[in-house]
Amino acid sequence: MISKKYKMDRFLKQGAFLLLLLGASSVIAQENIKSTDTIASGIQGSINPLTDNTAVLTGIELLDESFPNSIPLFGSDVRMKIGGYVKADFIHDLDYVGDRYEFELGSIAVEGSPERELGGITTFHVKQTRLNFDFRSKAKWKNGKEFPMQVFLEMDWFFDSDDLKLVPRMRHAYGVIGRLLIGRTWTNSGDLATLPGTIDFSGGDALYGGRVSQIRWQDSFGKNFTYAIALEEAGGQIDNPNALDGAFRAQYPNLAGNVKYKTENGSSFQLGFDLFTLNWKGSTTTPNVTETGYAITGTGRFAFKLSHYKDAFMYGAGYGKGQAHRIIALSWDGKASGVITENGLDLSPSWFAYAGFNHYWSKSLNSTVSTAWAGTELSEDQLDNTIQKAGSVHANLIWFPYPRISTGIEYMWGVRENKNGIEGTANRIQFMAKYKFN
């Protein structure tokens, strides 16, 4: 039997070794990091203070000797940065919203529905809390030219289901070799840098694209231009009102790309596109059919000086056919891409648009006002309760008592309209407290 004294001595020795190791790591880290614990005056509007979405970098952009806030991994040339934040949200619905955690416009109860009579509810959660790991290194060709390598992983706890509310969710998982990216991250045709900064996680519900698995090539040309082209995982939502035999089957990847113009003051404009197929496979009594869908998007951010600090105007819009499954507001009921009938597959034309203004009242006080709308043209074969149009308005006030700490309140109003013209509106108030640790 091992004595209690021996166990205690071993515990103390292990504890001392761990403290020594942490101390050494801290010293090394302090010698190799560049502090980002300040917000330089005059540049606040160039990066929205609430987004905290890590930019996808490739090529020479990754060859940063300082790699701020990173530490070396012992025994290798790899450096690692741990990032993320803790965010607590306190939500009060004045009307019925089916999604208690995001202001999902598709979940608003329309007039005359049983849910409409239930009214609002109060919800506390910390599901948006986020943790990421960024590993970077570099290698050399035989000619001595360096190229970067990166692995990026990020997770949160934002499953909508109450049963999964404490289960980790993988947001990003990708690797970069030079200009080639392989893994899961934001779609090519969207542009998170132009989304208005809202406390609500859904971002106004006109977010286009989302995160997908992909193979991407990303590069720059000229001083201010970049481009990216990718093969991405396919998706679709086919409405089947007549219960025909068969199912949607993704057969080919989505081709997505963008060209982006950026200025030194933080302004930008991006033109994106998607080209894909939607495939329905049925029995002998149901048609096997393939239709081609597309989307064109334009998004921008205009940074300017209204006071001592930079403000920003953000905007975006897009149009396509068969792509509504990639627009949050229209994808709620799972019928967004089109409808299958005995006559074939009819793809739905759809659009989205959003705009927002981000203003600094002072160095530590910020506000965003934004609106987002989306709509689709439904087939006469689709049911009357199918979502046809949705829109929202958000307004918030955020206080940064310390650069890594923020708290604020947001009011939001939304509307959902069905094919038959019946609509429902909802109001929500959301308070948050957030601590960003890197």
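Procedures and definitions
- Residues numbered from 1 in each chain as written.
- Predicted model: local features only at pLDDT ≥ 70, side-chain atom pairs only at ≥ 80, totals over all residues.
- Heavy atoms only, no water.
- Helix = DSSP H or I, 4+ residues; strand = E, 2+ residues; numbered from the N terminus.
- Buried < 20%, exposed > 50% of the residue type's maximum accessible area, 1.4 Å probe, protein only.
- Contact = heavy atoms within 4.5 Å.
- Areas by Shrake-Rupley, 256 points an atom, 1.4 Å probe, with all protein chains shown as cover.
- Phe/Tyr/Trp six-rings, centres within 6.5 Å; stacked < 30°, edge-to-face > 60°.
- Lys NZ or Arg CZ within 6 Å of the ring centre and 35° of its normal.
- Pairing = 2+ DSSP bridges.
- Patch = residues over 30% accessible without salt bridge, like charges linked within 9 Å, V, L, I, M, F, W, Y side chains within 5 Å.
- Salt bridge = Lys/Arg side-chain N within 4 Å of Asp/Glu carboxyl O.
- Lys, Arg positive; Asp, Glu negative; His and termini not counted.
- Charge placed at Lys NZ, Arg CZ, Asp CG, Glu CD.
- pLDDT = per-residue confidence, 0-100.

Where do I start with the overall build of the protein chain in this structure?
When its secondary structure is counted, the protein chain shows one helix and 22 strands. Out of the 438 residues in the protein chain, the part that is buried amounts to 47%. When contacts within the protein chain are restricted to residue pairs at least 6 apart in sequence, those whose partners lie at least 24 apart make up 67%. Total accessible area on the protein chain stands at roughly 21300 Å², and carbon and sulfur atoms take up 62% of it.

Explanation requested: the packing of aromatic side chains in the structure shown.
Each aromatic ring pair is described using two quantities: the centre-to-centre distance and the angle formed by the ring planes. A complete count under the given rule lists 14 aromatic pairs for this structure. An aromatic cluster is built from F221, F225, Y227 and Y261, whose rings are joined through pairwise contacts. Seen from the ring of Y101, K127 lies directly overhead, with NZ or CZ sitting 4.3 Å from the centre. Across from the ring centre of W186, 5.0 Å away, lies the NZ or CZ of R211, which sits over that ring.

Is there a simple way to think about the sheet that holds strand β17 (residues 344–347) in this case?
Paired through backbone hydrogen bonds, the strands of a sheet run either parallel or antiparallel to each other. Strand order in the open sheet formed by three strands is β10-β16-β17, with mixed pairing between adjacent strands. What marks the edges here is a single partner per strand, and that holds for β10 (238–239) and β17. The pairing of β10 with strand β16 (residues 338–341) spans two bridges and is parallel. Residue pairing for β16: I238 is matched across the bridge by G338.

I tried to follow unusual backbone geometry on my own but got confused; where do I start?
Generally, phi is negative for residues other than glycine and the peptide bonds are trans, each holding for most cases. The phi angle at A243 is positive, at roughly 55°, despite the residue not being glycine. Tracing the backbone shows A243 in the loop between β10 and β11 (247–248). For A243, a relative accessible area of 61% translates into the label exposed.

Which parts of the structure should I look at to understand the environment of T129?
Within the fold, T129 resides in the loop between β3 (122–125) and β4 (130–140). We classify T129 as buried; its relative accessible area is 13%. Sequence separation of T129 and F158 is 29 residues, and the distance between their C-alpha atoms is 8.2 Å.

I'm lost on a negative patch on the surface in this one. Help?
Together, E291, D346, E377, E380 and D381 give the surface a local cluster of negative charge. Position of E380 relative to the elements: it lies in the loop between β19 (365–376) and β20 (387–402). Owing to a relative accessible area of 73%, E380 belongs among the exposed residues under this scheme.

Even after reading the chapter, I still don't get the confidence of the model for the protein chain, so can you show me in this structure?
Detailed reading of the predicted coordinates is not advisable wherever pLDDT falls low. Averaged over all residues, the pLDDT of the protein chain is 84; the fraction at 70 or higher stands at 86%. Strand β9 (residues 225–232) holds the highest mean pLDDT among the elements of the protein chain, 96, whereas helix α1 (residues 4–32) holds the lowest, 40. Across residues 4–8 the pLDDT falls below 50, and counting only partners more than four positions away or on other chains, this stretch makes one contact in the model. Across residues 10–50, where pLDDT falls below 50, the model places 59 contacts with residues more than four positions away in sequence or in other chains.

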